[in-house]
Amino acid sequence: MTRFSFELHATDGRARTGKITMQRGEICTPAFMPVGTAATVKAMKPESVRAIGADIILGNTYHLMLRPGAERVARLGGLHNFMNWDRPILTDSGGYQVMSLSELRKLTEKGVEFRSHIDGSKHMLTPERSMEIQRLLGSDIVMCFDECPRADRPRDEIAASMELSMRWAKRSRDGFDRGEEHASRSALFGIQQGALDEDLRRESAQKLTDIGFDGYAVGGLAVGEGQEAMFGVLDYAPEMLPQDRPRYLMGVGKPDDLVGAVERGIDMFDCVLPTRSGRNGQAFTWNGPINLRNARFAEDQEPLDPTSDCSASRDYSKAYLHHLHKSHEILGAMLLTEHNLSFYQALMQKMREAISEKHFSEFAREFRRNYLGD
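Note that the coordinates shown come from a computational prediction; the quantities given were computed from them, not determined experimentally.

(A) Geometry of the overall build of the protein. If you tally the helices and strands in the protein, you get 15 helices and 16 strands. Dimensions along the principal axes, computed over C-alpha positions, put the protein at roughly 60 × 45 × 45 Å. For the protein, the residues scored as buried account for 56% of the 374 residues in total. In the form shown here, the protein has an accessible surface area of approximately 15700 Å², with 46% of it arising from carbon and sulfur atoms. Charged side chains of the protein number 48 positive and 54 negative; the gap between the two group centres comes to 4 Å.

Below you can see the structure in the form of structure tokens.
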């Protein structure tokens, strides 16, 4: 049975469509992975996440190691069994959350010592421990442990951070390979770093390629640098990575971010935006995002998308959704989350079709005209 393979089906410019095959299922690319931080895609049942078209979801190493604990998840049959999701799961390494959520942390060559944001307990996360946690969870796609510095830091700091991440990438590779049974059925992705610096990105890509990974992520973006700067990096960074492996842009993004990144050669995405926005009354539509808390929707009898296959998009009026959110009813979060994730999956499907039919640039232009009013 195939451990991991990636097949390109079509290209249009730099945009690509293809398929990842793993033991737990196939992943059509470009792919959007709903974020299931704590073993749940918030406000969604796993079977509903699959029903709207998601081939793979993301789990979070940092949060799961703290609660309920990776060893406990392993005793309970692994993350798939624990949360009733039988398809592929990608787990991030925990590095970003350690840097962003921990009040007290100490970074050394060995790894990161930090205090839990939940109860203040002390922990040490290293490349080897990150691989062990992801193995205990039973992850299908494992991410290297890395450091993600802010893009506005001095260049020498960003360079030193990138070089540390590359040393950690080699230790992650070695730690993953020691996993034997887990390594025989899962995959490991490296993470390119270098912030907004083209030379550092090139050096990072070369070091990762020399180590060798199943896929490659573009890390260190969507951390406050803005879309223009992000696209500036994506104009060159994906092309530095192996053509025959999937490229994953971590933590992105808004619908127009996804279209622009696919245009530049990205194959995989994850982001909390569709679920977080759904819980806060924002709906993504083909004509741009709308805030259903706004009083103008109080008597709007139209659904969000009458042509959608998603019942949340098609069968409930904006007036009702407005009422649910103004009343703080749980159903409001559930319906808008389902709608947003359905919209994201529909967007990915339309991009795959446009690439296959060789009219992606026309699709992207039309999408931006409707979504952004360009």
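(B) A look at the sheet that holds strand S11 (residues 187-192). Read across the sheet, 8 strands follow the order S4-S14-S13-S12-S11-S10-S6-S5 without closing on themselves; strand pairing throughout is parallel. Across the chains shown, the open sheet's two edge strands, defined by having one partner strand only, are strand S4 (31-34) and strand S5 (57-60). Adjacent strand axes in the sheet meet at a mean angle of 25°, parallel and antiparallel pairs treated alike. Across 2 bridges, the pairing between strand S13 (residues 247-249) and strand S14 (residues 268-271) is parallel.

(C) Geometry of the nonpolar core. Leu234, Leu249, Leu258, Phe269, Met351 and Phe360 are the most contacted members of the largest nonpolar core, which has 81 residues in total. In contact with Leu258, other than residues within four places in its own chain, are Phe32, Val252, Gly253, Phe269, Tyr344, Leu347, Met348 and Met351.

(D) Focus on a nonpolar patch on the surface. Residues Tyr320, Ile330, Leu331 and Met334 make up a contiguous nonpolar surface patch of roughly 360 Å² in combined accessible area. Top contributing element to the nonpolar patch by residue count: helix H14 (residues 330-356), with 3 residues. For Tyr320, a relative accessible area of 33% corresponds to the partly exposed category.

(E) Just the packing of helix H10 (residues 255-263) against helix H15 (residues 360-372), in detail. Contact geometry of H10 with H15 gives a least axis separation of 11 Å together with a crossing angle of 160°. Classified by the interaxial angle, the pair formed by H10 and H15 is roughly antiparallel. Between H10 and H15 the crossing geometry is left-handed. Counted together, Pro255, Asp256, Val259, Gly260, Val262 and Glu263 of H10 and Phe360, Ala364, Phe367, Arg368, Tyr371 and Leu372 of H15 form the full contact between these two elements. Of the residues contributing to the contact of H10 with H15, the split by class is 8 nonpolar, 1 polar and 3 charged.

Rules used in this analysis
Residues numbered from 1 in each chain as written. Predicted model: local features only at pLDDT ≥ 70, side-chain atom pairs only at ≥ 80, totals over all residues. Heavy atoms only, no water. Helix = DSSP H or I, 4+ residues; strand = E, 2+ residues; numbered from the N terminus. Buried < 20%, exposed > 50% of the residue type's maximum accessible area, 1.4 Å probe, protein only. Areas by Shrake-Rupley, 256 points an atom, 1.4 Å probe, with all protein chains shown as cover. Lys, Arg positive; Asp, Glu negative; His and termini not counted. Charge placed at Lys NZ, Arg CZ, Asp CG, Glu CD. Pairing = 2+ DSSP bridges. Axes fitted to C-alpha atoms, helices over the stretch in contact; angles between N-to-C directions. Core = buried A, V, L, I, M, F, W, Y, C linked by side-chain atoms within 4.5 Å. Contact = heavy atoms within 4.5 Å. Patch = residues over 30% accessible without salt bridge, like charges linked within 9 Å, V, L, I, M, F, W, Y side chains within 5 Å. Salt bridge = Lys/Arg side-chain N within 4 Å of Asp/Glu carboxyl O. Parallel < 35°, antiparallel > 145°, perpendicular 65-115°, else oblique. Left-handed = near helix turned anticlockwise from the far one by under 90°. Nonpolar A, V, L, I, M, F, W, Y, C, P; charged D, E, K, R; others polar.

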